[in-house]
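Analysis of the macromolecular model
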Amino acid sequence: MTSVFEHALRADFGRLHPRLQRRFGVDGDRDQGCVGTGVMDRVWRGGAFTVPFLHVGTLRHILFPETGTGIPFTIENYAYPDTFGRPTLTFVRTFQVRPHRRRRFDATMVYDGGRDTVIDYLGTTQHLAVDLDVSVDSRGGLRIRSGPQALRGGVRCPAAVTGEAEVHEWWDERAERFRIRVTVTNRRFGPLFGYHGSFTAAYVPAGSPVPAAVRPLRENPSSGLARPAASARWAPGQDQPAADPGRRSPVGKDGRRAVPVGLGLPGCSRRVTHRIECRVCGLW
């Protein structure tokens, strides 16, 4: 199986520092996984207004409100094909924020061949999908920038209420350690969360079982942002597209057949259920 990052970077993968080539080349054939252990020099958050949102993030292992310096850290990257056959790499980060408290930041990166994109599914149930832009810097380090974000089903999250993440990882020749810096910001409210530090890595032999603890509890079959169907091409003055007579709505628990969701786009049915695709908005 070709690794997620080899798919994404193609020829640029060879520009990565050799240490990063092995680390991000984990594909289940040579290495099953890579486990990093180190210390985050600093974990920080934005102003007091961020605390309630960061607390909510702890429910799904995304973000957390604790801060500090010298925080023990592990990162577990395991490669496997998910149940939909997509090349997958786990990013499970554990922070020992207090002597008796750990916080996790779970993500699963999946290469979607149909869109030629790496999708970062966040949380234990992959309820948030984020398109990623992946590149190599002049020193052979890896940069990852988040792009559009969508909830399960492809509903786009407005940029005003989301965080834009940037990850920079590189090899420190002098210290012989991997270094990482992560920042999450909001266009309006500024810095929200981040951390930076260093770690060393050990590799898990190919064929080793992937721990259940690093796998998501539920996988998201969506390939990120929804795309309108061809029948959704509508212009003012046209009738609303007719429903496909060969496509029947699914039956809900109440025995009724579902009707389309409306998000207020021109020609949208504006009806209130969520069990079938709106043929104008193209969303579920």
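Above this text is the structure in question.
Residues numbered from 1 in each chain as written. Predicted model: local features only at pLDDT ≥ 70, side-chain atom pairs only at ≥ 80, totals over all residues. Heavy atoms only, no water.

Within the protein chain, the secondary structure is distributed over three helices and 10 strands. The helix and strand sequence of the protein chain, counted from the amino end, reads α-α-β-α-β-β-β-β-β-β-β-β-β. The long-range fraction of contacts in the protein chain, counting pairs at least 24 apart against all pairs at least 6 apart in sequence, stands at 54%. Surface exposure of the protein chain reaches about 14700 Å², of which carbon and sulfur atoms provide 52%. (Helix = DSSP H or I, 4+ residues; strand = E, 2+ residues; numbered from the N terminus. Contact = heavy atoms within 4.5 Å. Areas by Shrake-Rupley, 256 points an atom, 1.4 Å probe, with all protein chains shown as cover.)

The next point concerns the nonpolar core. Grouped together as the largest cluster of nonpolar side chains are 47 residues, with contacts concentrated most on F5, V43, F91, F95, L142, F193 and Y195. Per element, the largest residue contribution to this core is five residues, and it comes from strand β6 (residues 128–136). The contacts of F95, once residues within four sequence positions are left out, are M40, V43, F64, I71, P72, F73, R101, R102, R103, F105 and Y195. Grouped together as the second largest cluster of nonpolar side chains are six residues, Y80, V92, V210 and V214 included. (Core = buried A, V, L, I, M, F, W, Y, C linked by side-chain atoms within 4.5 Å. Buried < 20%, exposed > 50% of the residue type's maximum accessible area, 1.4 Å probe, protein only.)

For the coordinates displayed, the defined rule picks out 14 salt bridges. For R115, the salt bridge identified is with D131, shortest N-O distance 2.6 Å. A residue pair is termed long-range when its members are at least 10 positions apart, and R115 in the loop between β4 (101–112) and β5 (117–122) and D131 in strand β6 qualify at 16 residues. Of the two residues, R115 and D131, neither departs from the other in class, the shared state being buried. One salt-bridge network, held together by shared partners, links R22, R30 and D31. (Salt bridge = Lys/Arg side-chain N within 4 Å of Asp/Glu carboxyl O.)

A separate point is the environment of V134. Checked against the element boundaries, V134 lands in strand β6. We classify V134 as buried; its relative accessible area is 15%. Sequence separation between V134 and S146 is 12 residues, and the spatial gap between their C-alpha atoms is 8.9 Å. Look past the residues within four positions of V134 in its chain and what remains in contact with it is F5, L9, L142 and R143.

Attention shifts here to the side chain of T125. Here T125 is to be found in the loop between β5 and β6. Not counting residues up to four positions away in its chain, the partners in contact with T125 are R60, R152, L217 and R218.

Moving on, we get to the layout of surface pockets. Put simply, the largest pocket is a space of about 1000 Å³. If you trace the largest pocket, you find 42 residues lining it, with I62, L63, T162, G163 and V184 closest to the centre. Considering each element in turn, the lining of the largest pocket owes the most residues, six residues, to strand β7 (residues 142–151). Here the lining of the largest pocket is composed, by residue class, of 29 nonpolar, eight polar and five charged. (1 Å grid on protein atoms, 1.4 Å probe; cavity = no way out; pocket = protein on both sides within 12 Å on 5 of 7 lines; lining within 4 Å. Points joined across faces, edges and corners; volume = space filled by probe spheres on them. Nonpolar A, V, L, I, M, F, W, Y, C, P; charged D, E, K, R; others polar.)

Looking now at the pairing of strand β3 (residues 87–98). Of all 12 residues making up β3, 10 are buried, and the element is well covered by its neighbours. The pairing of strand β2 (residues 68–81) with β3 spans seven bridges and is classified as antiparallel. Its bridge partner lying in β3, F73 is registered against F95. Remark: five residues form the turn of the hairpin made by β2 and β3, two consecutive strands paired antiparallel; G85 in that turn has positive phi of roughly 80°. (Pairing = 2+ DSSP bridges.)

Quick look at the sheet that holds strand β1 (residues 31–45) now. Reading around the barrel, the 10 strands line up as β1-β2-β3-β4-β5-β6-β7-β8-β9-β10 and close back on themselves, with antiparallel pairing between neighbours. Here the strands of the sheet are splayed against their neighbours by 25° on average, with no regard to which way each runs. In the sheet, strand β8 (residues 164–172) pairs with strand β9 (residues 177–186) via nine bridges, with the strands oriented antiparallel. When the sheet's bridge partners are listed, V167 is paired in β9 with V182. (Axes fitted to C-alpha atoms, helices over the stretch in contact; angles between N-to-C directions.)

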